[in-house]
Amino acid sequence: MSIIEGLCKRRGFIYRSSEIYGGLNGFFDYGPLGVELKNNIKQAWWNDFVHGRDDIVGLDASIIMHPNVWRASGHVAGFSDPMVDCKESKLRFRADQIYFAEVKIDGHTIGYVSVLEDEGMQAEAEKKAHELKRKKGAQGELEPVALKNYMEAKPGEYDLIPSPATGNTGTLTPPRDFNLMFQTYVGAMRDETAVAYLRPETAQGIFVDFKNICDTSRVKVPFGIAQIGKAFRNEITPRNFIFRSREFEQMEIEYFISPEADWKKLHREWIDACKKWFVSIGLPECELAEDVHPKEKLAHYAKACTDITFHFPHGLQELQGIAVRGDFDLTQHQNASNKNLEYFDENLKRKYLPHVIEPSLGVDRTFLAVMTAAYTEDEVPNDKGQPEKRVVLKFSPRIAPLKAAVFPLVKNKPEIFEKAKSIYERLRRRWNVFFDASGAIGRRYRRQDEIGTPFGITVDFQTLEDGTVTLRDRDTTQQVRMSVEELIWHLTDKIDGKI
Ligand code: ATP
């Protein structure tokens, strides 16, 4: 992760928010290349799921909504994570991310160890168990270290489990619920009646506008409403770069279906469509997996939930959740608002509250997955034909921040410079392209490789004679000559796809 984080900072993809003031944990700024990549991801999603389908319409709801929205949805009462404080270090942890184990020798407990959830936590716990044994001067064979979640600790164990921050015992509190919603006040009053919340998900805006959309557009069940927008969660432990932050963006769809529909089939279709989309933006299929939530872990109203997971640098983790939520949300809002939200089905000739399938995806997590998949270190020949190490971001041309870079081979030949400029001007009317005339051509290629520009176009002496340019492919570094017309066809095909 640190390699990707370093590259993101160095090449202007992502900075820590308010960095000159020391940063603010869980908040990030997307720099010049980052904002392009992020916009391209959102645009690709919107094109494929909204413009590309007849059964989905878009919405952009406000971030701050009536506080009753969050009472009805259950977020005020229940959108919380279990939190644990370390009284000594003053650090705060998510209880479900702390793991502990009794350290035993011949059935006799000599103490406890604790670790934070991580790929290597088992090995770390075993190392700590050996250290504890050495410190206590205990003899005999250690029993296997069996990690348990802090949520499973018995009240008598809270004082015996060492803090993951200090290693000292007696400093951890029992878990308590911590509501993740950010509060603010609307208007001039600062009392309870003015409390409002920054939305912790975009989905509720969709449910609350369901009736408006049915009444004002020609949608018919089954249909979906899609939304891209900011969401805010006061995460107890934001970590793993942009994987878990406090301000992030979501791309969510509520797909409304009849209560009689074959939801299992539709759920499967959604999982497949979402996986296909990830592959279309460059995530290798072999890096994606499915995590089916067991029945006992589902919310009481949910029928099923499958996460699409991805091999992030810190392990196989949730990228997108695809839940079948029944009619819970519409029922809650209908009851709380006293407004009839039922849909009249012309085929069935009756009214009902539709059920929903909810594909819910984080933009920032998709960004991190795209970065992870694209990051490659390889060796290519340099200007002298010798192998040279390079870092290359192999973004799919569709979402690459810059689509092409145009290079005049030499700077001091005005005809070449002007010709390159005119090709650049022509291309930039359609795509985000870059012009670079400074430095050795090999160095210029390398700079673009590191930011993932898929195509390099070089204007040289031959261009002045026959109008052809060379087109260099970022991944293979191979070059082919072609006319400018052929170049435009080629780029259209690779960037925008076949028409
Ligand atoms: P997690 O279990 O990782 O906290 P979640 O199950 O609470 O996630 P959902 O509420 O289902 O997540 O949110 C839908 C999607 O929004 C997630 O799959 C993820 O892509 C994204 N997301 C959720 N929380 C965050 C966050 N704190 N930072 C970045 N993205 C997030």
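Structure: see above.
Nothing here was measured: the structure is a model prediction, and the numbers come from that model.

K.L.:
Help me get a handle on the overall build of the protein chain, residues and values and all.
P.N.:
When its secondary structure is counted, the protein chain shows 14 helices and 26 strands. Along the three orthogonal principal directions, the C-alpha set of the protein chain runs to about 85 × 75 × 50 Å. The buried share among the 499 residues of the protein chain stands at 49%. Summarising the internal contacts of the protein chain: among those between residues at least 6 apart in sequence, 64% fall at separations of at least 24.

K.L.:
So what about the pattern of salt bridges? Which residues, and what values?
P.N.:
On inspection of all chains with the given rule, the structure shows 32 salt bridges. Among the ionic pairs, glutamate 290 bridges to lysine 275, the shortest N-O distance being 2.8 Å. Taken as a pair, glutamate 290 in strand S14 (residues 288-292) and lysine 275 in helix H8 (residues 263-280) lie far apart in primary sequence, 15 residues in all. The partner of arginine 426 in a salt bridge is glutamate 485, with the nearest N and O atoms 3.1 Å apart.

K.L.:
Please give an account of the nonpolar core that cites residues and values.
P.N.:
If you look at the biggest cluster of nonpolar residues, it comprises 55 residues, and the most contacted ones within it are Phe13 and Trp277. Core analysis: the next-biggest nonpolar cluster, separate from the first, contains 22 residues, Ala420, Ile423, Tyr424 and Val484 among them.

K.L.:
Quick rundown of the site of the ligand? Include the residues and the values.
P.N.:
The immediate surroundings of the ligand are formed by 15 residues, with Glu235, Arg244, Ser245, Glu318 and Leu319 found nearest. Coverage of the ligand by the protein amounts to 80% of the 590 Å² it exposes when considered alone. For the shell around the ligand, the secondary structure elements donating two or more residues are strand S13 (247-257), strand S16 (315-326) and strand S19 (355-362). By residue number, the principal contributor to the shell around the ligand is S16, which donates four residues.

K.L.:
An account of the environment of phenylalanine 100 is needed here, citing residue identities and associated values.
P.N.:
Mapped onto the elements, phenylalanine 100 comes out in strand S6 (residues 98-105). Between the alpha carbons of phenylalanine 100 and aspartate 159 there is a distance of 12 Å; along the sequence they are 59 residues apart. Look past the residues within four positions of phenylalanine 100 in its chain and what remains in contact with it is Tyr112, Val113, Ser114, Ala146, Leu147, Lys148, Asn149, Tyr150, Ala153, Glu157 and Ile161.

K.L.:
An account of the environment of threonine 237 is requested, with residue identities and associated values reported.
P.N.:
Residue position: threonine 237 is located in the loop between strand S12 (223-232) and S13. Residue threonine 237 is classed as buried on the basis of its relative accessible area, which comes to 14%. Residue contacts for threonine 237: discarding those within four places in its chain leaves Arg92, Phe93, Arg94, Gln97 and Arg244.

K.L.:
Got a sec to walk through the packing of helix H2 (residues 32-51) against H8? Specific residues and values, please.
P.N.:
Interaxial distance between H2 and H8 falls to 11 Å at its minimum, and their mutual angle equals 140 degrees. Between H2 and H8, the interaxial angle falls into the category oblique. Our pair here, H2 against H8, has a crossing hand that is right-handed. Contact residues: H2 offers Ile41, Ala44, Trp45, Asp48 and Phe49, while H8 offers Trp270, Ala273, Cys274, Trp277 and Ser280. Grouping the amino acids of the contact of H2 with H8 by side-chain chemistry returns eight nonpolar, one polar and one charged.

K.L.:
Tell me about the packing of H2 against helix H10 (residues 363-374), residues and numbers included.
P.N.:
Two elements in contact, H2 and H10, have axes separated by 10 Å at closest approach and are oriented at 110 degrees. With respect to each other, H2 and H10 are oriented roughly perpendicular. For the pair H2 and H10, the contacting residues are Gly34, Leu37, Lys38, Ile41 and Lys42 in the first and Val363, Asp364, Thr366, Phe367, Val370 and Met371 in the second. When its residues are assigned to classes, the contact of H2 with H10 shows six nonpolar, two polar and three charged.

K.L.:
Any details on the packing of aromatic side chains? Residues and values, ideally.
P.N.:
Applying the stated rule across the entire model yields 23 aromatic pairs. A centroid spacing of 4.6 Å and a plane angle of 45 degrees characterise the contact between phenylalanine 210 and phenylalanine 256, whose relative ring orientation is tilted. A residue pair is termed long-range when its members are at least 10 positions apart, and phenylalanine 210 in helix H7 (residues 210-216) and phenylalanine 256 in strand S13 qualify at 46 residues. Its relative accessible area of 0% is what places phenylalanine 210 among the buried residues. Between tyrosine 343 and tyrosine 352, the aromatic rings sit 5.8 Å apart at their centres with planes inclined by 50 degrees, giving tilted as the arrangement. Take tyrosine 343 and tyrosine 352: they sit in the same class, and that class is buried.

K.L.:
Let's hear about the sheet that holds strand S5 (residues 92-94): which residues, and what values?
P.N.:
Taking strand neighbours across the sheet as the criterion, the three strands line up as S5-S4-S9 in an open arrangement whose pairing is antiparallel. Lying at the two open borders of the sheet, with one neighbouring strand each, are S5 and strand S9 (176-179). Strand-to-strand twist across the sheet, computed as the mean angle between neighbouring axes with direction ignored, equals 50 degrees. Across four bridges, strand S4 (residues 80-85) lies against S9 in antiparallel orientation. Paired with serine 80 across the two strands is asparagine 179, which belongs to S9.

K.L.:
Which residues make up a nonpolar patch on the surface, and what values go with them?
P.N.:
Together, Leu409, Phe461 and Leu464 give the surface a local cluster of nonpolar side chains, amounting to about 240 Å² of exposed area. Of note, leucine 409 is situated in the loop between strand S22 (404-408) and helix H11 (414-428).

K.L.:
An account of the sheet that holds strand S23 (residues 433-435) is requested, with residue identities and associated values reported.
P.N.:
Pairing is mixed across the open sheet formed by five strands, whose spatial order is S23-S22-S24-S25-S26. The sheet terminates laterally at S23 and strand S26 (479-483), the two strands that pair on one side only. Strand-to-strand twist across the sheet, computed as the mean angle between neighbouring axes with direction ignored, equals 25 degrees. Where H11 meets the sheet, it contacts S22, S23, strand S24 (455-459) and strand S25 (468-473), and its direction lies at approximately 165 degrees from that of S23. In the packing of helix H12 (residues 441-450) onto the sheet, contacts are made with S22, S23, S24, S25 and S26, and the angle to S22 comes to roughly 170 degrees.

K.L.:
Give a description of the pairing of S6 that names residues and reports values.
P.N.:
Taken residue by residue, a regular strand's side chains alternate between the two faces of the sheet. For S6, the tally of buried residues reaches six of eight residues, placing the bulk of the element in the interior. Here S6 pairs with strand S7 (residues 108-116) via eight bridges, running antiparallel. Pairing of isoleucine 105 across the sheet is with histidine 108, part of S7. Taken together, S6 and the strand that follows it, S7, pair antiparallel across an intervening segment of two residues, in which aspartate 106 is found at a positive phi of about 50 degrees. Relative to strand S8 (residues 148-149), S6 is paired through two bridges, and the arrangement is antiparallel. By the bridge assignment, tyrosine 99 is partnered in S8 with asparagine 149.

Rules and cut-offs
- Residues numbered from 1 in each chain as written.
- Predicted model: local features only at pLDDT ≥ 70, side-chain atom pairs only at ≥ 80, totals over all residues.
- Heavy atoms only, no water.
- Helix = DSSP H or I, 4+ residues; strand = E, 2+ residues; numbered from the N terminus.
- Buried < 20%, exposed > 50% of the residue type's maximum accessible area, 1.4 Å probe, protein only.
- Contact = heavy atoms within 4.5 Å.
- Salt bridge = Lys/Arg side-chain N within 4 Å of Asp/Glu carboxyl O.
- Core = buried A, V, L, I, M, F, W, Y, C linked by side-chain atoms within 4.5 Å.
- Near = heavy atom within 4 Å.
- Areas by Shrake-Rupley, 256 points an atom, 1.4 Å probe, with all protein chains shown as cover.
- Axes fitted to C-alpha atoms, helices over the stretch in contact; angles between N-to-C directions.
- Parallel < 35°, antiparallel > 145°, perpendicular 65-115°, else oblique.
- Left-handed = near helix turned anticlockwise from the far one by under 90°.
- Nonpolar A, V, L, I, M, F, W, Y, C, P; charged D, E, K, R; others polar.
- Phe/Tyr/Trp six-rings, centres within 6.5 Å; stacked < 30°, edge-to-face > 60°.
- Pairing = 2+ DSSP bridges.
- Patch = residues over 30% accessible without salt bridge, like charges linked within 9 Å, V, L, I, M, F, W, Y side chains within 5 Å.

Keep in mind these values describe shape, not function.
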